[in-house]
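As a plain string of letters, each chain reads:
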Amino acid sequence: MLQVLVLKIEDPGCFWVVIKGCSPFLDHEVDYQKLNSAMNDFYNSMCQDIEIKPLKLEEGQVCVVYCQELKCWCRAVIKSIVSSADHYLAECFLVDFARYIPVKSRNIRVAIETFMQLPYRAKKFRLYCTKPVTLHINFCEDSAEIVRAKKWDSAAIQYFQNILKATTQVEAKLCAVEEDTFEVYLYVTLKNEKVCVNDDLVAKNFACYVSPMENKNFDSLEKPRLNIKSASFSNKLNPALTLWPMFLQGKDSQRMENKTVKCTMDSLKGSPKKESEKKQQYISLKDVNKCVESSVCWPTKRGITIYANPDTPAASASCQKSSEKPLRSAEKEEYNEKNGCVKLLQFLNPDPLRGDGVSDVQQLQKLKSGSQQPMAVLRNKIEPCLSVETAPLSTDLKKALQRNKFPGPSHTESYSWPPIARGCDVVVISHCGNDPLLYLPPMLTILQTGGCYKSLPSRNGPLAVIVCPGWKKAQFIFELLGDYSASCRPLHPVLLTIGLHKDEAKNMKLPRGCNVVVTTPHSLLRLLQYQSLLFLRLCHLLLDEVEVLLSEAKEQMFAILDNFKKNMEVEERESAPHQIVAVGVHWNRHIEHLIKEFMNDPYIVITAMEEAALYGCVQQVVHLCLECEKTSTLLQTLDFIPSQAQKTLIFTCSAAETETVCKVVESNSIFCLKMHKEMIFNLKSVSQQWKKKLSSGSHIVLALTDDCTPLLAITDASCVIHFSFPSSPKTFGERLYCMSDHFQSLTEQGSAEQGDKKTKSVLLLSERNACHAVGVLRYLERADAKIPSELYEFTAGVLEAKEDRKARRPLCPYLKAFGFCKDRRICPDRHHVNPEVDIPRKLSSQTLPVLGYIKIIPFYILNATNYFGRIVDKHEDLCATLNAEMKEYFEDSSNKATVEKMEKFGLYGLAEKSVFHRVQLLELSQKEDTWALDNVLVKFIDEGRTGLVTRDQLLHLPERFHTLPPQAVEFIVCRVKPADNEIEWNPKVTRYIHHKIIGKLHDAKVILALGNTVWIDPMVHITKLSNLKTSVIDYNVRAEILSMGMGIDNSEHVEQLKKLYKGAKMPSFEESLNQTLIPSSREDSACLLSTRQEDKGSERGTDSKTNSENQKHETLPKNNGGASINKTTEPPKSFHPQIKWFQKEDVVILKIKIRNVKDYKCKYFRDRVVFSAWVGEKFYLADLELQANIIKDDCKCIIKYDEPVITLAKEQRESWCGLLKQRNPNVAFDFDHWEDCDEDKEDSHFAKVVNFKNLSCSVAGLVETSDKSSDEDESESE
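Model, not experiment: these values are computed from the prediction.

Cut-offs applied
Residues numbered from 1 in each chain as written. Predicted model: local features only at pLDDT ≥ 70, side-chain atom pairs only at ≥ 80, totals over all residues. Heavy atoms only, no water. Phe/Tyr/Trp six-rings, centres within 6.5 Å; stacked < 30°, edge-to-face > 60°. Buried < 20%, exposed > 50% of the residue type's maximum accessible area, 1.4 Å probe, protein only. Lys NZ or Arg CZ within 6 Å of the ring centre and 35° of its normal. Helix = DSSP H or I, 4+ residues; strand = E, 2+ residues; numbered from the N terminus. Expected span 1.5 Å × (residues − 1). Contact = heavy atoms within 4.5 Å. Core = buried A, V, L, I, M, F, W, Y, C linked by side-chain atoms within 4.5 Å. 1 Å grid on protein atoms, 1.4 Å probe; cavity = no way out; pocket = protein on both sides within 12 Å on 5 of 7 lines; lining within 4 Å. Points joined across faces, edges and corners; volume = space filled by probe spheres on them. Nonpolar A, V, L, I, M, F, W, Y, C, P; charged D, E, K, R; others polar. Patch = residues over 30% accessible without salt bridge, like charges linked within 9 Å, V, L, I, M, F, W, Y side chains within 5 Å. Areas by Shrake-Rupley, 256 points an atom, 1.4 Å probe, with all protein chains shown as cover. Salt bridge = Lys/Arg side-chain N within 4 Å of Asp/Glu carboxyl O. Lys, Arg positive; Asp, Glu negative; His and termini not counted. Charge placed at Lys NZ, Arg CZ, Asp CG, Glu CD. pLDDT = per-residue confidence, 0-100. Pairing = 2+ DSSP bridges. Axes fitted to C-alpha atoms, helices over the stretch in contact; angles between N-to-C directions. Parallel < 35°, antiparallel > 145°, perpendicular 65-115°, else oblique. Left-handed = near helix turned anticlockwise from the far one by under 90°. Right-handed = clockwise from strand over helix to strand, strands pointing away.

**Re the packing of aromatic side chains**
- In this structure the tally under the stated criterion is 25 aromatic pairs.
- An angle of 85° between the planes, with centres 4.9 Å apart, marks the rings of Phe42 and Tyr43 as edge-to-face.
- By relative accessible area, which is 17% here, Phe42 ends up buried.
- For the ring pair Phe93 and Tyr100, a centre distance of 4.8 Å and an interplane angle of 50° mean the geometry is tilted.
- Looking at Phe93, the relative accessible area reads 5%, which means it is buried.
- Tyr100 sits in the partly exposed class, given a relative accessible area of 35%.
- Grouping aromatic residues by their ring pairs yields a cluster made of Phe42, Tyr43, Tyr66, Trp73 and Phe115.
- The ring centre of Phe1165 lies 5.0 Å from the NZ or CZ of Arg1168, which sits over that ring.

Structural data, given as structure tokens:
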């Protein structure tokens, strides 16, 4: 008996323990403590000087990681790897602590062999010969019985956990070992009584016993086992050593992933028992990789049928031996059908080789035209439907398709419709896999046949559920259902989007007669959790864009599939259809799991050949090389001494390159054929030589161009080398299709007989193909291929270069709205701040505020957090003045002159009721009908919205109305994003916010401003109660979004924006961004501050807060945060004025932002200037310690435009990095004059910073902080 300590419990079939006791083969706990201490000392000290990070990360890799929770370095195995913006995140299993933790790639180190001597401390256990059961209820016979189940239910798991929590001692009797799992009888001590957990679970009807032979046969189909009951075996091989690190890893890292130990006492195929036992008696740790492999009886081979044309299906291995069927293709008229040879060639080949009656001229014409019939890889044979008339659709649906001018089933639809219409499980992978018409027409046809659903319970609930990756796709499919279901029996489809609130899911009611629900994974799972009875009638589960669903919502999808599978196992539903249809663009490993666990003998249709190669387990290899080294790299790739017969294709881009490759290969003693368009006469000879049967160890190579692929129709190649990079994904797929005879079906993958036949695709990537590196990397990641670290570095450089080329592109809207972009590798927009483009623009003489409190009016609501509107200036509303002048001007009818000749992007006037707007012409429509009204697209430059108007509505706008810059500003509310991993706001939220805020005056705090965009948080609507002298907050926009349950907190939004801003080579407002400026009124200040505090605490912030204004002793917040000014008890003190500065080649100019100055003084020193003045009853003082020296005799101070202006003469003619030695929050660089600096000197400081990254003097030093426009923003001087 082994004493154990339980670390982690998943279920009775999987729990992790630590083996305790004094057995001679067990390591003591003190050994692990010494190991942890040594590991921490080594990796905390020596790793600073020695680079011990792994060159690449792979699933299953043994490594050492840093655990933040345990605060130490731990041995671990990488389970999965996720790529993020700036690093890789790996899910690791701590082998000594039985924990799953996420680890950043920078915290992963190479596992030193010294630290791998001890076995893993955590051991994986499961109960021996104990299987889960469940209660099976037969409603028809009114009976119930307990039957075997495939997984443990929650009650059994909870009971198992409670037993182990309550016990005082846990012991285990070892019975068998299967790979890394110990099978045991588990004994626990409860109240001084020893209980066998296996027996207890069986007695409580949570489990049942199975015989050891049944258990062995059941498990051995998937994994071979080690039987511990053999005395000789247990004496020689200690089961505790089966989890030795070196056993899993080995010294050869290349063998780490593929080495598995398969040992058994009896071969399932009847191998001699004595011989097997003899080999196991001498097993040792060193020879563990040489264990006898059991001859496991693998499932019978499932054939892959490969079709090259909907009209002309190519035969599989079995079909080639059977008599061929007459062809129905359109090419029957072109060829001589009476000639049996031609007919046979057409049957066997999608692009027939030359036969009698087919001349070289015809082949050459076909070659030049580049015509190639479409291809398909199928699992199970399908007879395609070639027209709407022959399609398995209802008559009404056919008429509806014809009314919509449906051209006919596409190549993929011709194969996907028949099995879906028969109610079979289907997986469809195609380039058009995001088109709902791949599955909707046949599904609607099934739903019209009500007879097959009579056995279902007569209650309300859908028959079919369509799961989409997002609400936008769900909305599109819902509208499509409305179009096509109108012509047949009403199905009453429902679009289901449920927020985070539990009450919404609990109160959801489906309309009577609802047969189809269109929804998203998160919404469906929420409804299942609270109203699972609604889906008792569910028969059809359709997964749209399945690869996206299983990648982004994997947990939710598998929970939905488990629920669907559980419902299907009810006996009363045996006569009802149960179908899963999965449609997508890409193949991935999650789809394999979907097929194996949840589908019953599915039909698989793949018309994208590059995806078919992933399904067929083609090994993908990439070699990075220079263009001049491709030939030598090619020779290194070729197998000169193959163990089996090999057929290799080398694809080139031209005839000359083909000749070169052929000579190089032949010079190394490999038989090489060649084919290109200039050798069409030799087509038959090349084809015959290629088809000859090769003996073991032979190797034939064919160098060819892509345009020869259709004529040769090769499908039996074992290796494809892309010497020239494929011109398109379609070309890449056509090349891979040449190995389609060796594509492995899911039942063949991993079998011993298929291991040596694995096909390989080798891609040579040079600097000429740098633009395709990102796509190659994405494909290799989906193929789970070994990716060289050089490719990651190369791709990073390519992405950086692409990002640099996007300098003039607009900033990514997702980056602006949420602080992140889902996939920067394919996003066309910019993801960095460009100082030349993102300088806050001018609204008049003032630029956009970069921080502080503002008043805004939103006029156009783009979505829930993105609006266009105007900033309202409390002192002078220039826009209101302009509108009044325009109204006065156009009220004179003589001034309403229509525009005869319009120019694109020209400014014009437009009347809407009694209001006149300035609009910019964006696009002129060109209509063939001259009598129709000609609409033009215009943008309202002072409101931000766009619209279509007629030409005669545009009025000539005088030049004096052009001077004011456009007043429309983009506003983005921070720290909130859509729920459920969406990237678009649900229309429900947008409509609600639109009605809430449109046209109303709001108060907001500015977080950041770039270009024409201002980020605000919070944004509130404040009502002033003048009679009570009180202000109340009606609502906080962010809190309103969160209250709807469609949004979640996005705390990293502001930090990401600041990080982008800080990384840009432009003036830094880092200090200013962290300061709080005073809003336009004291009531608003208190309201906004209370809103901010409430928003942090509860994320709601919708309750009104008041601040009394009628108290005499009121206080104002200062820039330093905590101090306040008592106006009645403390005497007046000096204030520091706001100062803006800029420089020229020889002088520095300071603008003191105060007016009505009297008794001002200015004293100059060599490195210091002191300014003082009185304004009314306030005394201002500024003592400035300068960055560099000045000539005090040449300095002067004058009053200009009612403001003091100080001119400081530089001692040396050079650019200053900043004005002051110490930053001052009241001093800021004057951006209105930064262009003047460049005009004075071409190589000015700012230009150097923009153009050269290695310049040590950053423009960030030019700005101490942002300026504050209000006189009430003065801070008390120290």
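**Here's the deal with helix α22 (residues 655–666)**
- The terminal C-alpha atoms of α22, which comprises 12 residues, lie 17 Å apart, in line with the 16 Å expected from a rise of 1.5 Å per residue.
- What α22 keeps buried is the set Ala655, Glu657, Thr658, Val661, Cys662, Val664 and Val665.
- Against α21 (630–637), β26 (646–652), β27 (671–675) and β28 (699–705) lie the buried residues of α22.

**Structural notes on the nonpolar core**
- Counting 72 residues, the largest nonpolar core has Leu543, Leu649 and Leu702 as the members making the most contacts within it.
- Of all the elements, helix α18 (residues 554–568) adds the most residues to this core, at 6 residues.
- What Leu702 contacts, discounting residues up to four positions off in sequence, is Thr648, Leu649, Ile650, Leu673, Lys674, Met675, Val686, Trp690, Leu712 and Ile714.
- Counting residues in each nonpolar core, the second largest holds 45 residues, with Ile382, Leu463, Cys539 and Leu542 among its members.

**Describing empty space enclosed by the protein**
- This model, assessed by the stated rule, comprises 10 cavities of 30 Å³ or more.
- Estimates place the volume of the largest cavity at around 120 Å³.
- A per-class count over the lining of the largest cavity returns 6 nonpolar, 4 polar and 3 charged.

**Some points on a positive patch on the surface**
- Taken together, the side chains of Lys53, Lys104, Arg106 and Lys1059 define a basic patch exposed on the protein surface.
- Mapped onto the fold, Lys104 is located in strand β6 (residues 99–104).

**Topic: a nonpolar patch on the surface**
- A surface patch of nonpolar side chains, about 420 Å² in accessible area, is lined by Leu135, Ile137, Phe139 and Ile146.
- Here Ile137 is to be found in strand β9 (residues 130–138).

**Describing the confidence of the model for the chain**
- Put simply, the chain has an average pLDDT of 76, and 75% of its residues get 70 or more.
- Within the model, pLDDT remains below 50 along residues 221–371, and this stretch shows 267 contacts once partners closer than five positions in the same chain are excluded.

**What about the sheet that holds β6?**
- Taken together, the 5 strands give an open sheet; going across it, the order is β6-β5-β4-β3-β7, and neighbouring strands pair in antiparallel fashion. At either end of the open sheet lies a strand with only one pairing partner, and these are β6 and β7 (108–110). For this sheet the average axis-to-axis angle between neighbouring strands, irrespective of direction, equals 45°.
- In terms of strand pairing, strand β3 (residues 62–67) meets β7 through 3 bridges, oriented antiparallel. Paired with Cys63 across the two strands is Val110, which belongs to β7.

**Description of the sheet that holds β26**
- The strand order β25-β30-β29-β26-β28-β27 describes an open sheet built from 6 strands, whose pairing is parallel. The sheet is open, and its two borders are formed by β25 (619–624) and β27, each paired with just one other strand. Strand-to-strand twist across the sheet, computed as the mean angle between neighbouring axes with direction ignored, equals 20°.
- Examined bridge by bridge, β25 and strand β30 (residues 760–765) share 6 bridges and lie parallel to one another. Paired with Leu624 across the strands is Leu765, a residue of β30.
- In this fold helix α25 (residues 729–737) packs onto β25, β26, β29 (719–722) and β30, with an angle of close to 150° to the strand it touches most, β29.
- Packing against the sheet, helix α28 (residues 789–805) makes contact with β25 and β30, and its axis sits at approximately 65° to β25.

**Observations regarding the packing of α18 against helix α19 (residues 589–598)**
- Relative to each other, α18 and α19 sit at 15°, their axes nearing to 11 Å. Taken together, the axis directions place α18 and α19 in an arrangement best described as roughly parallel. When you trace α18 past α19, the crossing you get is right-handed. Facing Lys554, Phe558, Leu561, Asp562 and Lys565 of α18, the residues of α19 in contact are His590, His593, Leu594, Glu597 and Phe598.

**Describing helix α27 (residues 773–782)**
- Within α27 the residues assigned to the buried category are Ala773, Val774, Val776, Leu777, Tyr779 and Leu780.
- Its buried side turned inward, α27 meets α20 (609–615), β25, α25, β30 and α28.
- Once α27 ends, the next one or two residues include Asp784, with phi positive near 55°.

**Description of the pattern of salt bridges**
- Counted by the stated rule, this structure contains 38 salt bridges.
- Where Arg99 meets Glu69, a salt bridge forms, and the shortest distance between an N and an O atom there is 3.3 Å. In this pair, Arg99 sits in strand β6 while Glu69 sits in the loop between β3 and β4 (72–83), placing the two residues 30 residues apart along the sequence.
- On the basis of relative accessible area, Arg99 is assigned to the partly exposed category, the value being 29%.

**Regarding the packing of helix α16 (residues 521–530) against α18**
- α18 packs onto α16 with a crossing angle of 45° between their chain directions and a minimal axis gap of 9 Å. Taken as axis vectors, α16 and α18 run oblique relative to one another. Where α16 crosses over α18, the handedness of that crossing is left-handed. The residues of α18 that touch α16, namely those facing Pro521, His522, Leu524, Leu525 and Leu528, are Gln556, Met557, Ala559, Ile560 and Asn563.

**Observations regarding the environment of Leu541**
- For Leu541, the location among the structural elements is in strand β22 (residues 540–544).
- Classification of Leu541 as buried rests on a relative accessible area of 1%.
- The contacts of Leu541, once residues within four sequence positions are left out, are Val465, Val467, Ile560, Leu561, Phe564, Gln579, Ile580 and Val581.

**Some words on the pairing of β27**
- With 5 bridges connecting them, β27 and β28 associate as parallel partners. Across the sheet, the residue bridging to Cys672 is Val701, located in β28.
- The handedness of the β27 to β28 crossover, carried by helix α23 (residues 683–691), is right-handed.

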